[in-house]
Protein chains: 4
Amino acid sequence: MSFNSFGRVFRFTTWGESHGLALGAVVDGCPPGLTLSEADLQPFLDKRRPGQSRFTTQRQEPDQVRILSGVFEGRTTGTPIALHIDNVDQRSKDYSEVAKAYRPGHADYAYDAKYGFRDYRGGGRSSARETAARVAAGGVARLVIPEVRIRAWVEAIGGDAIDPANFDADEIDRNPFFCPDAAAASRWEALVDGARKSGSSLGAVIACEATGVPAGWGAPLYAKLDSELAAACMSINAVKGVEIGDGFAAAALSGEQNADAMRPGEDGRPRFLANHAGGIAGGISTGQPVLVRVAFKPTSSILTPVETIDRAGDAAEIFTKGRHDPCVGIRGAPVVEAMMALVLADQKLLHRAQCG
Amino acid sequence: MSFNSFGRVFRFTTWGESHGLALGAVVDGCPPGLTLSEADLQPFLDKRRPGQSRFTTQRQEPDQVRILSGVFEGRTTGTPIALHIDNVDQRSKDYSEVAKAYRPGHADYAYDAKYGFRDYRGGGRSSARETAARVAAGGVARLVIPEVRIRAWVEAIGGDAIDPANFDADEIDRNPFFCPDAAAASRWEALVDGARKSGSSLGAVIACEATGVPAGWGAPLYAKLDSELAAACMSINAVKGVEIGDGFAAAALSGEQNADAMRPGEDGRPRFLANHAGGIAGGISTGQPVLVRVAFKPTSSILTPVETIDRAGDAAEIFTKGRHDPCVGIRGAPVVEAMMALVLADQKLLHRAQCG
Amino acid sequence: MSFNSFGRVFRFTTWGESHGLALGAVVDGCPPGLTLSEADLQPFLDKRRPGQSRFTTQRQEPDQVRILSGVFEGRTTGTPIALHIDNVDQRSKDYSEVAKAYRPGHADYAYDAKYGFRDYRGGGRSSARETAARVAAGGVARLVIPEVRIRAWVEAIGGDAIDPANFDADEIDRNPFFCPDAAAASRWEALVDGARKSGSSLGAVIACEATGVPAGWGAPLYAKLDSELAAACMSINAVKGVEIGDGFAAAALSGEQNADAMRPGEDGRPRFLANHAGGIAGGISTGQPVLVRVAFKPTSSILTPVETIDRAGDAAEIFTKGRHDPCVGIRGAPVVEAMMALVLADQKLLHRAQCG
Amino acid sequence: MSFNSFGRVFRFTTWGESHGLALGAVVDGCPPGLTLSEADLQPFLDKRRPGQSRFTTQRQEPDQVRILSGVFEGRTTGTPIALHIDNVDQRSKDYSEVAKAYRPGHADYAYDAKYGFRDYRGGGRSSARETAARVAAGGVARLVIPEVRIRAWVEAIGGDAIDPANFDADEIDRNPFFCPDAAAASRWEALVDGARKSGSSLGAVIACEATGVPAGWGAPLYAKLDSELAAACMSINAVKGVEIGDGFAAAALSGEQNADAMRPGEDGRPRFLANHAGGIAGGISTGQPVLVRVAFKPTSSILTPVETIDRAGDAAEIFTKGRHDPCVGIRGAPVVEAMMALVLADQKLLHRAQCG
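So, how was this worked out
- Residues numbered from 1 in each chain as written.
- Chains lettered and ligands numbered in written order.
- Predicted model: local features only at pLDDT ≥ 70, side-chain atom pairs only at ≥ 80, totals over all residues.
- Heavy atoms only, no water.
- Least-squares fit on C-alpha atoms with pLDDT ≥ 70 in both.
- Contact = heavy atoms within 4.5 Å.
- Salt bridge = Lys/Arg side-chain N within 4 Å of Asp/Glu carboxyl O.
- Polar contact = N/O pair within 3.5 Å; in protein donor to acceptor, adjacent residues only side chain to side chain.
- Nonpolar A, V, L, I, M, F, W, Y, C, P; charged D, E, K, R; others polar.
- Pairing = 2+ DSSP bridges.
- Helix = DSSP H or I, 4+ residues; strand = E, 2+ residues; numbered from the N terminus.
- Buried area = accessible area lost by both parts, 1.4 Å probe.
- UniProt positions renumbered as here; feature names shortened; annotations may be inferred.
- Buried < 20%, exposed > 50% of the residue type's maximum accessible area, 1.4 Å probe, protein only.

### Examining the relation of the copies chain D and chain C
Mapping chain D onto chain C is achieved by rotating through 180° and translating by 0.0 Å along the same axis, at an RMSD of 0.0 Å. Those values place the two copies in the arrangement expected of a two-fold rotation axis. When the interface residues of chain D are mapped onto chain C, 100% of them are again interface residues, pointing to one common binding face.

Given below as C-alpha cells:
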C-alpha cells in the first residue's frame with residue numbers, strides 16, 4: 001500500500017538509485033500464461049535509453065533488462081516477475097558538490113529535510129533513472145492489454161507547440177523528439193541545441209493516447225481511471241501538470257461546447273461526435289480514445305550558477321556539472337506510455353474482478 | 001485498497017447516492033485524543049451546501065452531519081469515525097428520462113457499460129452530492145494538521161480569470177463565488193446568471209493553497225505528495241486537469257526561470273525566492289506553500305437538447321430538467337480544500353510512521 | 001489498507017462501539033446485479049443475536065440491519081453498500097467501575113496504553129458487539145459465492161468435545177449451542193448453566209467448513225487462502241488459535257499419514273482419499289472442503305473478583321457486573337461463518353482478476 | 001495490497017522460485033538512518049541455510065545476500081532496500097517426474113488448477129526456499145525494533161515434545177534442532193535420523209517469543225497484532241496452525257483460570273501474574289512477552305510411493321526423489337522469528353503513525 005508500489009491488482013514495486021549497483025521492478029499479480037521474454041521488454045527500454053542522440057544526456061547505459069523470476073518456459077506463471085537492470089556508467093565523481101549544497105528545483109533539500117541525509121550521487125532515488133524500471137514494468141503491462149494501442153508524443157518544447165494540422169503519427173518515430181509534426185521537429189533541433197550549448201534547459205508537454213480501451217474500465221470513486229492516470233503521471237520526475245481530454249481548456253467552454261454528443265454506432269454502442277472528455281466519464285472509460293496530457297518542467301540541472309544554501313544553512317552558489325538531458329520531457333514520452341499501460345492493465349484486472 | 005477508500009494511514013471511505021436515504025464517510029486511522037464534535041464539521045458542509053445563492057442548484061439539503069462512532073466524551077478514540085448525512089430533498093421524479101437515455105458528458109453511459117445497469121436518480125453514485133461526505137471527512141482531517149492553513153478560491157469562470165493584482169484573501173468569503181478579486185466577482189454575477197437563465201453551464205478553475213506545511217511530507221515514489229494531490233483532485237466530479245505550482249506554464253519556462261533559488265532563512269531552513277514548484281520537490285514538501293490548481297469542466301446538465309442514444313442504442317435527444325449548478329466548479333472550492341486536508345493529514349501520519 | 005478494513009477486492013470496513021448510537025459496515029467492491037435486500041441479511045444477524053436463550057448475554061438487541069446505499073431496485077449496483085444497525089439496549093451504567101480499573105483478559109489496559117484513554121462503556125470498540133457488523137457484511141459476501149455452502153458448529157465447550165461419531169449436521173440448528181452431537185448438547189446445557197450461575201465462563205472450539213469451493217482460489221504468497229482465513233478468524237474477539245485441516249495434530253503425523261492421496265475423479269479432477277490439508281495446499285484451494293478450527297478463550301468478564309490495577313496504577317479488585325455471555329464462543333459460530341464467507345468472496349474476485 | 005507483499009507501512013515484497021536464477025525481497029518503508037550492511041543480515045540466513053547438518057536437506061546454498069539499493073554510506077536512506085540471493089545449487093533434473101504428476105500434500109495440483117501450468121522445478125514459487133527472502137527482510141526488520149528480542153525454538157517433533165521443566169534458552173543454539181531441552185534434542189536425533197533413513201518425514205511445533213514489546217502495538221480491528229501474526233505465520237510453507245499464548249488450551253480453561261491478574265508494577269505499568277494471553281489483548285500488545293506457537297505438518301516429499309493422478313487426470317504413483325528436509329519445521333524456527341520481526345516492525349511504525 002505504501003511508498004514504492006503502484007497498482008491494486010496488477011501491481012509493481014520499483015527499487016534502485018541513479019548510482020547504485022542496479023535498479024529494478026517486481027511486477028506482481030500478472031495473469032499467468034502470457035508469452036514473455038526479455039526481448040519483449042527491451043524495445044521499450046531502448047526507446048527511453050539515454051545517449052542515443054545529442055539531445056539527451058550522454059550517460060551511456062545499455063539498460064539491458066533481465067527477468068529473474070515469474071517466467072517459466074517462456075510464459076508468465078502468475079508469480080512475481082523480477083526485472084533487473086544493472087547500472088553501468090555511473091560517474092559518481094561528478095556529484096561531489098551536490099553532497100554539500102542543494103540544487104534548486106531538485107529534490108536535494110526535500111530529501112534531506114525528510115530523511116536527514118540522502119544518497120546525493122546523481123540524485124539517488126529521486127533521479128529520473130528510476131523510470132527505466134517503470135518502462136520495463138510497463139512492457140509487461142502491455143502484454144496484459146493486447147486490445148489496447150498506446151502512443152505518446154511530444155506536443156510542445158519550451159513553449160513551441162506542434163501544429164495539430166501537421167499531425168502525422170508515422171513521423172513520431174522518425175525524429176529524436178517523438179514529434180508528430182516534421183516542421184516542429186526541425187525547429188526543436190535548433191531550440192534544444194541552443195539550450196544544450198548554453199547549459200540551459202527546456203520544459204515540454206507530452207500527450208499520450210490509448211485506443212482500443214473498451215467502455216467500462218475504471219473503479220470509481222477513488223480508483224477512477226482518470227484519478228489513477230493523474231497519480232501515475234504526476235509521480236514521474238519533473239511532471240507538474242496532468243490533463244484528461246480537454247483539461248484546462250474545458251474550464252473555458254460552455255456546457256454545449258463541451259458535450260460529447262452520441263449517435264447510434266455498432267452493436268448498440270455509441271458513436272461519439274467529439275471527445276472533449278478524453279475517453280473518460282465518471283472515472284470510467286467510454287470506449288473512446290483515452291487521452292492524457294502531461295507537463296514536464298525544464299530539467300532542474302543547469303550550468304548557470306543559482307543562489308542556494310548548503311547543508312549547514314549557509315549561502316552558496318551551485319551549478320550542475322554532470323551529464324543531463326537539456327529537456328527531460330523528451331524522454332518522458334516512453335515513460336508516460338509505460339504509466340498508461342500500467343494503469344490500464346491494473347484497471348482491466350480490477351474491472352474483471354468486480355464485473356466478471 | 002480499492003474503490004471507495006482513499007488514504008494510506010489516515011484513510012476514509014465514502015458511501016451513498018444522490019437520491020438514496022443518506023450518505024456518509026468512515027474515517028479510519030485518526031489519531032486519538034483530538035477534540036471533535038459535529039459543530040467542528042458543520043461549517044465546512046455549510047460552505048459546500050447547495051441552495052445558498054441563485055448561482056448554485058436549488059436543491060435544499062440541510063446537510064446536517066452526525067458522528068455515529070469514534071468519539072467519546074468529545075474526543076476521538078482512535079477508532080473509526082462514522083459520519084452520516086441524511087438526504088432530505090430528493091426529487092426522483094425529475095430523473096425519469098435519464099433512466100432511458102444517456103446524458104452526454106455524464107457518467108450515465110459509462111456506468112451502464114461497466115455495471116450493466118445504474119441508479120439513474122440524480123446520477124446515483126456519480127453525483128457530486130457524494131462530495132458532501134468528503135467535505136465532512138476533510139473536517140476531521142483538518143484536526144490532524146492544526147499547523148496547516150488551507151484556503152481555496154475560484155480563479156476563473158468560463159475563461160474569465162481574476163487579476164492577480166487584485167487578489168484579496170479577505171474577499172473570498174464575501175461573495176458567492178469564493179472569488180478573491182471583487183471586480184471579477186461582479187463580472188461573474190452576470191456571467192453565471194446568463195448561463196443559468198439560458199440553461200447553459202460554465203467551467204471553472206479552482207486554486208488551493210496550504211500554508212504551514214513543514215518540509216518533509218510526501219512519500220516517494222508512488223505516494224508522492226503531488227501524486228496524491230493529483231489523484232485526490234482528479235477524483236472530484238467534473239475535474240479534468242490538475243497542476244502543481246506553475247503546472248503547464250512551467251513547461252514553457254527555461255531552467256533558469258523555473259529555478260526556485262534559496263537563501264539562508266531561519267533555523268537553517270531556506271528562504272525561497274520563488275515558488276514555481278508549488279511547494280513540492282521530488283514529491284516531498286519543501287516548506288513553501290503547497291499550491292494546486294484544478295480545472296472543472298462545465299456542468300454536463302444543460303437545458304439545450306443534445307443528440308444521444310438510449311439504452312437500446314437508438315438515437316435520442318436529451319436535456320436535463322433537474323436542478324443543477326450552472327457552474328459546478330464554484331462549489332468545488334470547499335471540496336478541493338477537503339481533499340487537500342485529507343491528503344496532508346495522511347502524509348503527515350505516513351511521514352511520522354517512517355521518519356519518527 | 002489499514003485498521004478497520006478487511007479484504008483486497010471485495011472489501012469491508014466496520015465502525016461502531018458497544019454503547020454508541022449504532023454500528024455498521026461498508027462493503028466495497030461487490031459485483032453489480034446481485035439480488036439483495038435486508039431480508040437476505042437478517043437471518044444471519046438473528047443467528048448471532050444475543051438474548052435468544054439463557055446461555056447467552058441477556059442484552060436485548062433487535063439487530064435490525066438497514067441497507068443505506070449500493071442497492072437500487074433490489075439489486076447491487078457495484079457501489080459501496082452501507083449497512084447500519086442501531087444500538088438499542090445500552091445500559092451504560094453497568095460499566096462505571098470499568099472506567100476506573102482494568103478488567104484482566106479484556107482490552108481495557110491495552111487500549112489505554114495505546115490511545116491514552118478509551119470508551120469504557122461495554123468495552124467500546126473492543127466489544128464483541130462489533131461482530132454484528134461483520135455478520136451483516138458476511139451476508140453480502142455469501143451472495144458473491146453462491147456455489148459455496150458454509151456451515152459452522154461448536155466442537156467443544158470448556159474442554160468437553162463432541163464425539164465425531166455422533167456428528168449430525170441437522171442437529172446443529174436444533175440446540176442453542178450450534179452443536180452437531182445431541183448427546184454433547186445435553187451435557188453442555190448443564191455445563192454452561194453451571195458457569196452462568198457461578199458467574200464463571202467457558203472457552204469453546206468452533207469448526208467451520210465450506211463446501212463447493214472450486215480448486216484455484218487463494219493468492220499466494222501473502223494473500224494465501226489459509227493466511228487470510230487465519231487473519232480473519234484471529235481478528236474475532238476472544239480467539240486465540242486457528243487451525244486449517246488437521247492443524248496442530250498434523251505436527252504429530254508422519255509424511256505418509258498426512259498425505260492426501262488422489263485418484264482420478266470426475267472431469268479430470270482428483271478424488272482425494274483424505275483431507276488432512278483442510279482443502280488448501282500452497283495457499284490455494286484444492287476443491288476439497290475448506291476446514292478451519294478456531295479456539296475461543298473463556299469470556300473474560302466473570303463475577304469472581306480478580307486482582308488488577310486502576311488507571312492510576314494502584315492495586316484494585318474487579319469483577320464484571322454487566323450482562324455477558326457465559327461462553328462467548330457459542331455466538332462465535334455465525335461470526336466464523338461470516339469471516340469464511342468474506343474471505344472466500346474476496347479470494348474469488350481476486351482469482352478472477354488475475355486468472356480470468 | 002496484493003499477493004506477494006506483506007505489511008502496511010514497513011512492507012516487503014518477495015520474488016523468486018526454487019530453481020530460478022535468484023530470489024529476493026524489496027523492503028519498503030524502512031526508517032532512514034539505520035546502520036545496515038550485508039553482515040547484519042547474513043547470520044539470520046546462515047541460521048536458516050540448508051545443508052548444515054544431516055537433519056536438513058543436502059542442497060548446498062551459500063545464501064549470500066546482497067543489498068542492491070536503499071543503503072548509502074552504511075545507512076538506510078528511507079528508500080526501498082533490494083535484497084538479492086543467487087540460487088546456486090539447483091538440480092532441476094531431480095524434478096522431471098513432478099512435471100507430469102501431482103505430489104500429494106504439495107501445491108502441485110493447486111497451482112495447476114489456479115494458473116493452468118506451473119514451474120515444477122523444486123516446487124517453483126511454492127518451495128520453502130522462498131523463506132530465505134523473508135529471513136533477509138526480517139533481518140532489516142530487527143533493526144527497526146532494537147528494543148525487542150526475538151527467540152524461536154522447536155517445541156515438538158513428530159509428537160515428541162520438550163519438557164518445559166528442562167527449558168534452557170542457552171541450549172537452543174547448541175543443537176541442530178533449535179531445541180531448548182537437551183534431553184529432547186538427544187531423542188530427536190534418533191527420531192529424525194529414522195525418518196530420514198526411511199524416506200519418511202515428521203511434523204513439528206515451533207514457539208516464538210518476543211520480549212521487550214511495549215504495551216500499545218497493534219492496530220485493531222483488522223490489523224490486530226495477533227491477526228497479523230496469524231497471517232504471517234500461516235503464510236509460511238507447511239504451517240497448518242497458529243496459537244497466541246495458551247491458544248487451543250485456553251478453550252478448555254475457565255474464566256478464572258485464564259485471567260491474567262495484574263498488580264502495580266514499575267512506572268504505573270502493571271505487573272502481570274500470568275500470561276495466558278500471550279502478550280496480546282484486544283489485538284494490542286500488553287507489555288508482556290508476545291508468544292506465538294506454530295504447527296508445521298510433516299514435509300510432503302516422502303520416498304514412499306503415494307497414489308496420485310497425472311496432469312491428464314489418470315491414475316499414477318509418485319514418490320519424491322529430490323533432496324528434502326526430513327522435518328521442514330526445524331528450519332521453520334528462523335523463519336517464524338523473521339515473520340515476528342516483520343510484523344512487529346510494521347506495527348511499531350503503524351502505531352507511531354497514529355499515536356505519535
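Once you've had a look at it, read on.
### Some remarks on the interface of chain A and chain C
Between chain A and chain C, the contact holds 13 residues from the first and 13 residues from the second. At the surface where chain A touches chain C, the tally comes to zero salt bridges. Remark: the boundary between chain A and chain C carries nine residue pairs in polar contact (both at pLDDT 80 or more). When the residues that make up the side of chain A that touches chain C are grouped by side-chain class, the tally is eight nonpolar, four polar and one charged.

### Concerning the sheet that holds strand β7 (residues 81–86) of chain C
Residues and elements named next belong to chain C. Read across the sheet, five strands follow the order β1-β2-β3-β7-β4 without closing on themselves; strand pairing throughout is antiparallel. What marks the edges here is a single partner per strand, and that holds for β1 (5–6) and β4 (65–67). Strand direction decides the pairing type here: β4 and β7, joined by three bridges, are antiparallel. If you follow I67 over to β7, its bridge partner there is L83.

### Quick look at the interface of chain D and chain C
Reports of interface size often rely on the accessible area that becomes lost once the parts have come together. The partner chain C presents 107 residues to the 107 residues of chain D that form the contact. Interface area, chain D with chain C, both sides summed: about 8,100 Å², of which 63% is carbon and sulfur. Looking only at chain D, the three residues that lose the most surface to chain C are F3, Y222 and K240 of chain D, adding up to 11% of its buried area. Where chain D packs against chain C, one counts two salt bridges. Of the charged contacts in the structure, one is a salt bridge between R263 of chain D and E307 of chain C, with a shortest N-O distance of 2.6 Å. If you look at where chain D meets chain C, you find 39 residue pairs in polar contact (both at pLDDT 80 or more). The dominant element in the side of chain D that touches chain C, judged by the number of residues it contributes, is helix α2 (residues 108–115) of chain D, at six residues.

### Topic: the UniProt feature "binding site: FMN" (unreviewed entry) in chain A
Summarizing the sequence annotation, UniProt attributes the feature "binding site: FMN" (unreviewed entry) to R125, S126, S127, N237, A238, G282, K297, P298, T299, S300, S301 and R323 of chain A in the numbering used throughout. Spanning 199 residues, the annotated positions stay apart in the fold, the maximum distance between their C-alpha atoms being 43.4 Å. Contacts of S127 of chain A, omitting those with residues within four sequence positions, involve S18, G122 and N237 of chain A. Its location among the elements puts N237 of chain A in the loop between α6 (225–234) and β11 (239–244). The class for N237 of chain A is buried, based on a relative accessible area of 13%. The contacts of N237 of chain A, once residues within four sequence positions are left out, are S126, S127, A128, T131 and F296 of chain A together with K224 of chain B. One polar contact links the side chain of N237 of chain A to the main-chain carbonyl oxygen of S127 of chain A, over a distance of 3.3 Å.

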